[in-house]
Amino acid sequence: MTPADPQPLAGRHIAVLLGGPSAEREVSLATGAAYIAALERLGAKVTPVDPGRDVAQVLAKLAPDLVFNALHGRWGEDGRVQGVLETLGLRYTHSGVLASALAMDKAKSKAVLAAAGVPVPGGGLFDRQDVARDHVMQPPYVVKPNAEGSSVGVFVVREGANAPPPELAAPDWAFGDAVMVEPYIPGLELAVAVLGRATGPRALAVTEIRPSTGFYDYAAKYSQGGSTHVIPAPIPNAVRDRAMRMAELGHAALGCQGVTRCDFRYDGINDLLVLLEVNTQPGMTPTSLVPEQADHVGVSFDRLVFWIVEDAYARGDAGGIA
């Protein structure tokens, strides 16, 4: 991608998967719209696909050169749509079946990360009805669905709380019966974007996230003014370097490809840095962290999108963003 070649994707037909059936549909639509605009600026022929049960037939008929996965949440981010694309023999962006499934399952991904030497929070899986009845650990702690993203269904139970969140026992709870309960780590919310394959990932930067509500929930992530992003994070250089190494190790341990975002908590008093999770389909909305970090290191959004496309084409070959 050079000034002499302003439309390097001219002649390529790219299908963009966006929307979908998950609880993160609206975020996916916003991410997909940003990707579509960039791909069109880069010269590609773009076909948006809001997938339903007939997605395999739709994609088989379209026969695109590449499928750009902009889905978030269940089905689009947990290995299932990746399996459909593998079956169809279509090239696609971001991580593959196994890495996507592992990263989406918080319990399994924590086990893999811990085995690779990455510090993670303690806690474990519980039935949501048990968690709703009484404290399963001493507050403060965090309750989250085992297989959701974007802080959907996440609760922080503060010190001194008399009871767990009543929402966990609600009949309309839609996030599965298995919930992860973890000790609450005080301190800073940090994020690190990583680009590359499992054999050579590259962390971009460390951002501190300061939510306006005191908790980095769905609204703080995706609402204008919901949070402030400080980049580079005002932390000691040694902590910055540790976070970037841990993000690269987490990306590699799960076998991720393309772009990921790693979320951390840092307790500066006890110098405790833990990796909360690895997101294999990070958001690309106007308030998202990955494009901000790319811009911080001199990579425009269009160049980032071009790199994601080229990475998907070049799987198995040497490559990088430089």
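Values in this document were obtained by computation on a predicted structure and should not be read as measured data. (Residues numbered from 1 in each chain as written. Predicted model: local features only at pLDDT ≥ 70, side-chain atom pairs only at ≥ 80, totals over all residues. Heavy atoms only, no water.)

1. Re the side chain of Thr93
Phase 1: In this structure, Thr93 sits in the loop between helix 3 (80-88) and helix 4 (97-104).
Phase 2: A polar side-chain atom of Thr93 sits 3.0 Å from the main-chain amide nitrogen of Asn69.
Phase 3: Here His94 takes part through its side chain, which lies 2.8 Å from a polar atom of the side chain of Thr93.
Phase 4: If we skip the residues at most four places from it in the chain, Thr93 touches Leu66, Val67, Phe68, Asn69, Ile308, Ala312 and Arg315. (Helix = DSSP H or I, 4+ residues; strand = E, 2+ residues; numbered from the N terminus. Polar contact = N/O pair within 3.5 Å; in protein donor to acceptor, adjacent residues only side chain to side chain. Contact = heavy atoms within 4.5 Å.)

2. Topic: the packing of aromatic side chains
Phase 1: Counted by the stated rule, this structure contains four aromatic pairs.
Phase 2: Look at Tyr35 and Phe68: their rings are 4.2 Å apart centre to centre, the planes differ by 50°, and that puts the pair in the tilted class. On the criterion of sequence distance, the pair formed by Tyr35 in helix 1 (residues 25-41) and Phe68 in strand 3 (residues 66-69) is long-range, its members being 33 residues apart.
Phase 3: Under the relative-accessibility criterion, Phe68 is labelled buried at 0%.
Phase 4: On the basis of an interplanar angle of 85° and a centroid distance of 5.0 Å, the ring pair of Trp173 and Phe175 is categorised as edge-to-face. As far as the burial class goes, Trp173 and Phe175 line up, both buried.
Phase 5: Chaining the aromatic ring pairs together yields one cluster made of Tyr35, Phe68 and Phe301.
Phase 6: Lying across the ring of Tyr184, Arg158 places its NZ or CZ 5.5 Å from the centre. (Phe/Tyr/Trp six-rings, centres within 6.5 Å; stacked < 30°, edge-to-face > 60°. Buried < 20%, exposed > 50% of the residue type's maximum accessible area, 1.4 Å probe, protein only. Lys NZ or Arg CZ within 6 Å of the ring centre and 35° of its normal.)

3. Comments concerning the sheet that holds strand 7 (residues 178-183)
Phase 1: Ordered by their spatial adjacency, four strands build an open sheet running 4-7-5-6, and the pairing between neighbours is antiparallel. The open sheet terminates on both sides in strands that have one partner only, identified here as strand 4 (124-127) and strand 6 (155-157). Adjacent strand axes in the sheet meet at a mean angle of 30° when their direction is disregarded.
Phase 2: By the bridge criterion, five bridges tie strand 5 (residues 141-145) to strand 7 in an arrangement that is antiparallel. Bridge pairing in strand 7 places Val143 opposite Val181.
Phase 3: Relative to strand 7, helix 5 (residues 106-115) is tilted by about 45°, and along the sheet it contacts strand 4, strand 5 and strand 7. (Pairing = 2+ DSSP bridges. Axes fitted to C-alpha atoms, helices over the stretch in contact; angles between N-to-C directions.)

None of the figures reported here should be taken as evidence of function without further support.
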